[in-house]
Amino acid sequence: MTTTPPAHRSVGTARTRVEGRDKVTGAARYAAEIPFTGLAHGWLVLSTITRGRIREIHTAPVLDMPGVLTVLHHGNAPRLHTDYVGLLGVPPDPAACLFQHDRVPFAGWPVALVVAGTPEQAREAAEALTVTYEEEPHDTALTAGHPDAYVPEGGMPAETSKGDLEAELAASAVVVDEEYTTPEEQHSMMEPHAATARWDDGRLEVVDSNQGAGWVQGELATLFSLDPAAVRVRSEHIGGGFGSKGLRAHQVGAVMAATALDRPVRVVLSRRQLFSLAGYRSPTIQRVRLGAGADGRLRALEHRSLNQTSQVYEFLEPSAGVARVMYDAPAHRTAHRLVRLDVPSPTWVRAPGEASGSFAIEVALDELAERTGTDPIELRLRNEPDTGPVSGLPFSSRNLAACFREGARRFGWQDRDPRPGLRREGRWLLGTGTAAASFGAGAAPSTAQITAEPDGSFTVRIAAADIGTGARTALTLIAADALHTTPEHVRVRIGDSDFGPAMIAGGSMGTRSWAWAITAAAQDLRERLIPGTAVPPDGITVRSDTTAALGALSRKERHSFGAQFAEVAVDTATGEIRVRRMLGIFAAGRIVNPLTARGQLLGGMTWGISMALHEEAVRDHHTGAHYAPDLAGYHVATHADVPHIEADWVDDHDPDDPVGIKGIGEIGIVGAAAALTNAVWHATGIRHRDLPLRPDRILTAAPGTKGEPTKRA
């Protein structure tokens, strides 16, 4: 057998999803839909207090209810091994390590799992379960001057600094010194979290919806003190994740119940339960200080960010990290602070750090442009760094200027009158704004195996996760080119921990990492195929591991970049904002599938609209719980909010990169909210520094306060 290059390459051509027909016809089964014989159903019971201790769980009445099989809680649940560092270099969130003690650290903490024969029986019994508590005072309010703020340890450096900040600020002709805030934001994916656990011939099998089957497998094996080879996790189709679908309480509860009952058990989180058990983007309070000459060239840059974490788990929303890549100055300082509150643990949410951080720094840059009389695009181009502002490393490629130039041309930026508050159509004030975007382009070690089949086709097996991004299709195209064949001759199998270690779907690193492993395996396989020799009946299989290759990669700043443009209409009498149009131009490496890539970028930009205008999870600080934790109370952008919106890209080649792929799952949201906020200033002449841009904030902004903060709600 031999392989020859096809007449044209598959990568770079628009392809519909290989699993598209299955999804639109219902043949694709998601985690909560797969049938099992003898399946039981669990429903989590969450605390109704915010801080305190469980005094008693009154299980007897519930155990007598129809269909109820058991109630698991801290008094009868198995002990878990929780003292470890997981795949991502952090310990497990105690909220997922169910029923290990009687403490309640936040509202919505899981206190019991009711298991019954049907989901209806389980839910009814769970809602009937009475739990008595010893309640304690709580603190759930993040404030700028919170006395318990501290410098976090571990992960990325909490602080970076160079130069004399105060001296450069004092010597600057223009200074911007403002505070910017973002609220708590939820993932709100279409498919809630669901997992089914069963024991099969001494092996634990979990059918799940997650962002990395190997990740969840390793966590469950460690928690339950099992041999990893005795645990298999499958996750074939996922309806969105955005950072939340790692180890969560429902998987652990399903395993506990399946072990106790010796039958399959499924646990599905309700939409309301997701607000406390699936993580969220922490609210932030950010202070940006910029000092510049009269020409807008930066002399000083300081970006400080404060966010919250839970009392039981430390998670940092690295909002100030974006300044470490985007802009340089002789004096440059970034700093993060955390406050432990009686709230659930935050986690990764699409573009963690960059989404919230870009809002602050890009609005501050717009304010600097206004005060220096410089065009916002020109200001950014004047402050383009030659190397990483903090790392000092060269950029693998940095085509931000090309994004701005192409975007400005297509958006008609040259026709923009920079003076605010002048354009009007009837009751609407019109304005345009822009912002820059960046997101890291990393990769992680992964393995892949490819089998050359006797019929001339190929089967690729890799523990990748397609969380709705089109990864399965992208990997098919990549494999076809690497094997010198066509996509029709390639079958890609994903979402199974038995396929070996692989990067999770996260950090915009999935496709890049998996593509590297698949390409390496394909090259090895091609070398083993002997021209004119038949493939044996069981095929020829090779396996790759990219650990060594990644270790040999030169150290550089590797990022995707982008330029966001927006036009808005604002009615200052009603506070309504309508987005007229948006354009995003990105430099994101080699685009594998233009069809799904554009969808990813548009999806991120749509989330940016949602972030700017709607999203805000509101907590009642008296009770410690959310107001209306559902999609009726937590507003997201709908079709009516999304205008004419376009996404495109410029050439972005790194000659030293053997893969050439950069992630696009997160870059689309970065800068979008800032571009919209800057457009609102251009429309009204009033600067807003707090998200979301609710109608009441538009209405309460005092007339004639150009460049001043809006009143805080």
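Residues numbered from 1 in each chain as written. Predicted model: local features only at pLDDT ≥ 70, side-chain atom pairs only at ≥ 80, totals over all residues. Heavy atoms only, no water.

## A look at the nonpolar core
Core analysis: the biggest nonpolar cluster contains 82 residues, and Leu290, Phe565, Val568 and Met582 have the highest contact counts within it. The element that contributes the greatest number of residues to this core is helix H9 (residues 354-372), accounting for nine residues. Among all residues touching Phe565, those that are not within four sequence positions of it are Ile377, Phe404, Gly407, Ala408, Phe411, Trp413, Gly433, Thr434, Arg581, Met582 and Leu583. (Core = buried A, V, L, I, M, F, W, Y, C linked by side-chain atoms within 4.5 Å. Buried < 20%, exposed > 50% of the residue type's maximum accessible area, 1.4 Å probe, protein only. Helix = DSSP H or I, 4+ residues; strand = E, 2+ residues; numbered from the N terminus. Contact = heavy atoms within 4.5 Å.)

## Some words on the side chain of Arg248
Examined against the element boundaries, Arg248 turns out to sit in the loop between strand S11 (231-234) and helix H6 (249-261). Put simply, Arg248 is tucked away with no salt bridge, and the nearest opposite charge, on Asp93, sits 4.3 Å away. A polar contact of 3.5 Å, which involves the side chain of Arg248, links it to the backbone oxygen of Ala278. A polar side-chain atom of Arg248 sits 3.4 Å from a polar atom in the side chain of Thr347. In contact with Arg248, other than residues within four places in its own chain, are Asp93, Ala96, His193, Gly243, Leu277, Ala278, Gly279 and Thr347. (Lys, Arg positive; Asp, Glu negative; His and termini not counted. Salt bridge = Lys/Arg side-chain N within 4 Å of Asp/Glu carboxyl O. Polar contact = N/O pair within 3.5 Å; in protein donor to acceptor, adjacent residues only side chain to side chain.)

## Some words on the packing of aromatic side chains
According to the stated counting rule, one finds nine aromatic pairs in the structure shown. With a centroid separation of 5.3 Å and 85 degrees between ring planes, the pair formed by Phe315 and Trp348 is classed as edge-to-face. Linking Phe315 in the loop between strand S14 (298-310) and helix H8 (323-326) with Trp348 in the loop between strand S15 (331-341) and H9, this pair joins segments that are 33 residues apart in sequence. These aromatic residues form a ring-pair network of at least three members: Phe404, Phe411, Trp413 and Phe565. Positioned above the aromatic ring of Phe395, the side-chain terminus of Arg398 is 4.8 Å from the ring centre. Sitting over the face of the ring of Phe411, Arg581 holds its NZ or CZ atom 3.8 Å from the ring centroid. (Phe/Tyr/Trp six-rings, centres within 6.5 Å; stacked < 30°, edge-to-face > 60°. Lys NZ or Arg CZ within 6 Å of the ring centre and 35° of its normal.)

## Observations concerning the pairing of strand S13 (residues 284-292)
In terms of burial, S13 is largely enclosed, as eight of its nine residues are buried. Taken together, the nine bridges between strand S8 (residues 174-182) and S13 define a ladder with antiparallel strand orientation. Bridge assignment links Asp177 to a residue of S13, and that residue is Arg289. Where S13 and S14 come together, nine bridges link them in antiparallel fashion. Looking across to S14, one finds that Gly291 is bridged to Ala300. With antiparallel pairing between neighbouring strands as the criterion, S13 and S14 make up a hairpin whose turn holds five residues, including Gly296 at a positive phi of roughly 85 degrees. (Pairing = 2+ DSSP bridges.)

## Details of helix H16 (residues 672-684)
For H16, with 13 residues, the first-to-last C-alpha span of 19 Å sits near the 18 Å given by 1.5 Å per residue. Counted residue by residue, H16 has 13 buried out of 13 residues, so it is predominantly covered. Backbone geometry just downstream of H16 places Gly685 in the positive-phi region, at approximately 80 degrees. (Expected span 1.5 Å × (residues − 1).)

## Re the sheet that holds strand S9 (residues 194-200)
The strand order across the open sheet built from seven strands is S3-S5-S1-S12-S9-S10-S11, with neighbouring strands paired in mixed fashion. Of all strands in the sheet, those with a lone pairing partner are strand S3 (68-73) and S11, marking the two edges. If you compare each strand with its neighbour and ignore which way they point, the axes differ by 20 degrees on average. In terms of strand pairing, S3 meets strand S5 (residues 110-116) through five bridges, oriented antiparallel. Pairing of Thr70 across the sheet is with Val115, part of S5. (Axes fitted to C-alpha atoms, helices over the stretch in contact; angles between N-to-C directions.)

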